[in-house]
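# Working through the structure, step by step
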Amino acid sequence: MKLIIDTDPGVDDAFAIALAALSDDVDLLGVTTVFGNVPLSATTRNAQRLLALCKRTDVPIAAGAQRPLVHPQPHRARYAHGADGLSGRAGTLPEPARDLEPTGAVGLLATLLAAADEPVTLVPIGPLTNIATLLAAHSELREKIARVVIMGGALAGGNTTAAAEFNIWSDPEAAHRVLAGGEVPCVLVPMDLTYRCAVDEEWLRGLAESGPLGAALHGLTPDYVEYYRHALGWPGLVLHDAVAMAEAVRPGILRTEAYPVEVDCGFGPGRGATLADQRRPELRERVDGERAAVEVEVAVDTDLDELRAFVLD
Ligand code: BDR
Ligand code: CA
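Here the residue numbering is sequential within each chain, running from 1 through the sequence in written order. Chain letters start at A and ligand numbers start at 1, both assigned in the order the entries are written. Predicted model: local features are reported for residues with pLDDT of at least 70 only, side-chain atom pairs are reported and counted for 80 or more only, and whole-chain, interface and lining totals are derived from all residues.

### Regarding the overall build of the chain
Comment: elements are numbered from the N terminus, with helices defined as DSSP H or I runs of at least four residues and strands as E runs of at least two. Scanning the chain for helices and strands turns up 13 helices and 10 strands. Projected onto the principal axes, the alpha-carbon positions of the chain cover approximately 55 × 45 × 35 Å. The burial tally for the chain puts 50% of its 313 residues in the buried class. Throughout, a pair of residues is in contact if the C-beta atoms placed from their backbones lie within 7 Å. Contacts in the chain between residues far apart in sequence, at least 24 positions, make up 81% of those at least 6 positions apart. Exposure criterion: with C-beta atoms placed from backbone coordinates, a residue whose C-beta has 20 or more other C-beta atoms within 10 Å is buried, one with 12 or fewer is exposed, and one in between is partly exposed.

Written out as structure tokens, the structure is:
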């Protein structure tokens, strides 16, 4: 399958990139970067280093949005990912081996989609700013998009505010555009499921012993694991973005249900919340009495052992 990653690496982004870059089932057309876990300059350099680690210098990379569409948000993810985005260990990876495309992210996305001879899967695993901009600037290309598989959202409480998950909170207006716009089929992989897919120490040992690439990825994890263990009391490594990538690479590995999803773009405590209407379909009226026209496939469950084995493999 043809696939493009839009990313803000990010320790868990690193696993998602490696999963796609090394899969025999994936024709990785390109990688675009976005601000998010750390500023754009760092996420972009990290993406370049990660593709060098995976020996994928054939894959073009372009830098995208430095800030959200409407209202800038402070960076809040350095606690999880470190100041360089890779737990202070970006320097352990190879130096970037390929220059950036001068087109920028939206230009590269448009060029790759226009040239594709079959619909392409987009996998945004950071804020949705580049994807919203692509849809606004190049609506003629939406036919070229098979699915947008998004890591983001929270059905029952967020990780960045009480209501919001980090990727959606970072640019709610962009998320609203992509999820509620109805232009492209979306799969939302929310944190409710990604937390349940956390891997344990035995999995991490298996990764470290799997070879040089596994050892390099394992080397990025200690501070991130520590953050989840001590700050959140969570036992194990939460590979949010790799869970979404697993669904992109192996469609159906996550079980989904179709719900209308609205993003709270207000400035109250709910900003960035993803409101999935899980009532019975006949009861799904909004506050204005209308019914939402657009449904999103929301990932709700998976076979945890199969998922963990697939990502490790
Ligand atoms: C998401 O936020 C980022 O910190 C991770 O890389 C992931 O994409 C999880 O909420
Ligand atoms: Ca990410």
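### Digging into the environment of Gly219
Relative to the helices and strands, Gly219 resides in the loop between α10 (212-218) and α11 (222-231). With 14 C-beta atoms packed within 10 Å, Gly219 lands in the partly exposed category. Sequence-wise, Gly219 and Gly64 are 155 residues apart; in three dimensions their C-alpha atoms are separated by 27 Å. Ignoring any residue separated from it by four or fewer positions in sequence, one finds Gly219 in contact with Arg89 and Thr92.

### Considering helix α2 (residues 40-53)
Under the 1.5 Å per step criterion, the end-to-end length of α2 is 20 Å for 14 residues, consistent within 8% with the ideal 20 Å. Among the 14 residues of α2, 11 are classified as buried, and the element is accordingly described as predominantly covered. Along α2, the positions that sit buried rather than exposed are Ala42, Thr43, Thr44, Arg45, Asn46, Ala47, Gln48, Arg49, Leu50, Leu51 and Leu53. In this structure, the buried side of α2 is in contact with β1 (2-7), α1 (11-22), β2 (27-33), β3 (61-63) and α10. Directly after α2, the chain includes Lys55, whose backbone phi takes a positive value near 55 degrees. Expected span of a helix, by definition, is 1.5 Å for each gap between consecutive residues, and there is one gap fewer than residues.

### Section: the sheet that holds strand β5 (residues 145-151)
Two strands are counted as paired when DSSP detects at least two bridges linking them. The mixed open sheet is built from eight strands, whose spatial order is β3-β2-β1-β4-β5-β6-β10-β7. Edge positions in the sheet fall to β3 and β7 (254-259), since each of these pairs with one other strand and no more. Each strand of the sheet is rotated relative to its neighbour by a mean of 25 degrees, with strand direction disregarded. Pairing analysis gives six bridges linking β1 to β2, with the strands arranged parallel. By the bridge assignment for β2, Lys2 is matched with Asp27. Only the stretch in contact is used when a helix axis is fitted, and all axes are lines through C-alpha atoms; the angle between N-to-C directions ranges over 0 to 180 degrees.

### Some words on the confidence of the model for the chain
Averaged over all residues, the pLDDT of the chain equals 94, while 99% of them reach at least 70. Among the prediction metrics, the complex's ipTM stands at 0.99, with pTM recorded as 0.96. Per-residue confidence from the predictor is reported as pLDDT, which spans 0 to 100.

### Quick word on the nonpolar core
Only buried Ala, Val, Leu, Ile, Met, Phe, Trp, Tyr and Cys residues enter a nonpolar core, and they are joined through C-beta atoms within 7 Å. Membership of the largest hydrophobic core comes to 94 residues, with the highest contact counts inside it found for Val189 and Ala244. Top element by residues in this core is α1. It accounts for nine residues. Residues within four places of Val189 in sequence aside, it is in contact with Val149, Ile150, Met151, Thr194, Val243, Ala244, Glu247, Leu254 and Ala299.

### A short note on unusual backbone geometry
Between Pro9 and Gly10 the backbone carries a cis peptide bond, its omega angle lying at -15 degrees. Looking at where Gly10 falls in the secondary structure, it is placed in the loop between β1 and α1. Even without a glycine there, the phi angle at Lys55 is positive, about 55 degrees. In this fold, Lys55 is placed in the loop between α2 and β3. Non-glycine residue Ser87 carries a positive phi angle of around 60 degrees. Counting through the fold element by element, Ser87 comes out in the loop between α3 (78-81) and α4 (104-115).

### Things to note about the environment of Glu257
Locating Glu257 in the fold gives a position in strand β7. The residues contacting Glu257, other than those within four sequence positions of it, are Val298 and Val300.

### Comments concerning the environment of Gly88
Tracing the backbone shows Gly88 in the loop between α3 and α4. A sequence separation of 17 residues divides Gly88 from Ala105, and the C-alpha atoms of the two residues are 26 Å apart. Sequence-distant contacts of Gly88, that is, excluding residues within four places in its chain, are made with Gly82, Ala83 and Asp223.

### A look at the packing of helix α5 (residues 129-137) against helix α7 (residues 172-180)
At a closest axis distance of 8 Å, the pairing of α5 and α7 adopts a crossing angle of 55 degrees. Looking at the two axes, α5 sits oblique to α7. Of the two elements, α5 crosses α7, and the hand of that crossing is left-handed. Contacts between α5 and α7 pair Thr129, Ile131, Ala132 and Leu135 from the former with Ala174, Arg177 and Val178 from the latter. For this classification, Asp, Glu, Lys and Arg are treated as charged, while Ala, Val, Leu, Ile, Met, Phe, Trp, Tyr, Cys and Pro are nonpolar and the rest, including Gly, are polar. Here the contact of α5 with α7 is built from residues that sort into five nonpolar, one polar and one charged. Put simply, angles under 35 degrees are roughly parallel, angles over 145 are roughly antiparallel, angles from 65 to 115 are roughly perpendicular, and the rest are oblique. For a crossing to be left-handed, the near helix must be turned anticlockwise from the far one by less than a right angle; the clockwise case is right-handed.

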